[in-house]
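# Reading the structure
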Amino acid sequence: MYPWLVSHRQQLQALVRHGQLGHALLLKGMAGLGKRELAKELAQMLLCQHTSITPCNNCHSCQLNAAASHPDHHVITGEERSIGIDAIRQLGQVLNESARLGHGKVAVIMQAEKMTEAAANALLKTLEEPAGEATLILTSAHPEQLPPTVRSRCQQWLLPVPDSAAVLAWLSAQGQDGSLTALNVNQGSPLNTRDYLAAGTDRQRRQLLQQFAELAGHRHLLPTLQQGLLAEPRHLQWLQLLLQDALQLALGVNTALRLVDSEPLCRQLSRLGSARLNQALTELVQLRRTLQPTAGRPVNAALQLGQWLNRWTQLSAAGGRDGRLPH
Ligand SMILES: [Zn+2]
């Protein structure tokens, strides 16, 4: 179990032991915190045949769970684009049958916010008429997208973002040399930061930021940057953080930078002045909104991105001519 989840597991364990766990639980918390693992562990705890030391990892039930073949443990992974009504109806039927091993049933719905409206309505029926021994566990990184009627029928459990120092220590124990910047770029998510570091994405970020800051003097880099960002529009977030940090410095706001390791670059860009930085930032926020996958990608995504990079090149070149951006 991840160290930042240990105390949550203990508290949930205590609820189970005292019979205070409701028949529906909603585990809330940002992506990359380990909600899936906690839900899995909780399911194992509920199904274990040795209730005094749950989970015992020894009984028939625990062994079936370890092999992911427990007949009373049902999971909807939420890996598809959406969770449809058929999946929820099917789950409702299964939960109405009696437990095969006679020790309750658990259904886990991961990324529950992906339920369609019809699916959520079907789930409401299950939530309103709980099958005697069934426990439902919903997990969601976007609980605000769940209908209030679903939320209000669940016992809610919030997993907060763990302390940075503790996560950095954990990353280092995983053999990943994490930095505060890498953590900030991933909104403090331990698992997302681990994957990001393992994939070498941090190097990619530093390179992209450098090229972006120097675009005015190296215009030949523009098509490469454009292609890279078109393939990975989420990397625009790095540029947004860079511009935000630079703007913060330009305005003399005294709060910690998010891109701690790119401070020299942020300082260099801050000399462009707040008006230019603010303009680039506002346009970038707008651009990111139009490029969001949920917004339905615009046909002219490449064009919009190219235009923005062009405006940035001109803007930063003008700043350089003013003598505000010395090399
Ligand atoms: Zn057991």
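Not measured: the values here are computed from a predicted model.

### Side note on the domain arrangement of the chain
Splitting the chain by domain gives domain 1 (3-160) and domain 2 (200-321). Put simply, the middle of domain 1 and the middle of domain 2, counted by C-alpha atoms, are 41 Å apart.

### Some words on the coordination of the zinc ion
Within the protein, Cys 48 (SG), Cys 56 (SG), Cys 59 (SG) and Cys 62 (SG) serve as the donor atoms for the zinc ion, at 2.3 to 2.4 Å. Here the zinc ion binds four donor atoms, and the angle range of 103 to 117 degrees at the metal identifies the geometry as tetrahedral. All donors of the zinc ion belong to a single chain; written as a sequence motif, their spacing is C-x7-C-x2-C-x2-C. Both residues of the pair, Cys 48 and Cys 56, count as buried.

### Thoughts on the pattern of salt bridges
Pairing between side chains becomes possible if they bear opposite charge and their charged atoms approach one another. A full pass over the atoms with the stated rule returns eleven salt bridges. Between Arg 206 and Asp 202 there is a salt bridge whose closest N-O contact spans 2.9 Å. Placement of both Arg 206 and Asp 202 in helix H10 (residues 201-213) is noted, with a separation of four residues, approximately one turn of the helix. For Arg 206, a relative accessible area of 40% corresponds to the partly exposed category. A relative accessible area of 9% places Asp 202 in the buried class. Across the salt bridge formed by Glu 232 and Arg 234, the nearest N and O atoms sit 2.9 Å from each other. Among the ionic contacts, a cluster of salt bridges with common partners joins Asp 202, Arg 205, Arg 206 and Asp 261.

### Things to note about the pairing of strand E2 (residues 73-76)
Bridge count between E2 and strand E3 (residues 105-109): four bridges; the pairing is parallel. Each bridged residue has a counterpart across the sheet, and for Ile 76 the counterpart in E3 is Ile 109. In this region the chain leaves E2, passes through helix H4 (residues 85-96) and returns to the parallel neighbour E3; the handedness of that crossover is right-handed.

### What about the packing of aromatic side chains?
Considering all chains together, one arrives at six aromatic pairs under this definition. The interplanar angle of 15 degrees and the centroid separation of 5.6 Å between the aromatic rings of Phe 212 and Trp 308 together place this pair among those described as stacked. Here Phe 212 is found in helix H10, whereas its partner Trp 308 is found in helix H15 (residues 301-321), with 96 residues between them in sequence. Both residues of the pair, Phe 212 and Trp 308, belong to the buried class. Ring geometry for Phe 212 and Trp 312: centres 4.5 Å apart, planes at 5 degrees, overall stacked. Of this pair, Phe 212 sits in helix H10 while Trp 312 sits in helix H15; the two residues are 100 residues apart in sequence, bridging distant segments of the chain. The residues Phe 212 and Trp 312 share a single accessibility class, namely buried.

Calculation criteria
Residues numbered from 1 in each chain as written. Predicted model: local features only at pLDDT ≥ 70, side-chain atom pairs only at ≥ 80, totals over all residues. Heavy atoms only, no water. Domains from an automatic or database assignment. Donors = N, O, S within 2.8 Å, 3.2 Å for Na, K, Ca; no water. Tetrahedral: all angles 85-135°; square planar, octahedral: opposite > 155°, others 65-115°. Buried < 20%, exposed > 50% of the residue type's maximum accessible area, 1.4 Å probe, protein only. Salt bridge = Lys/Arg side-chain N within 4 Å of Asp/Glu carboxyl O. Helix = DSSP H or I, 4+ residues; strand = E, 2+ residues; numbered from the N terminus. Pairing = 2+ DSSP bridges. Right-handed = clockwise from strand over helix to strand, strands pointing away. Phe/Tyr/Trp six-rings, centres within 6.5 Å; stacked < 30°, edge-to-face > 60°.

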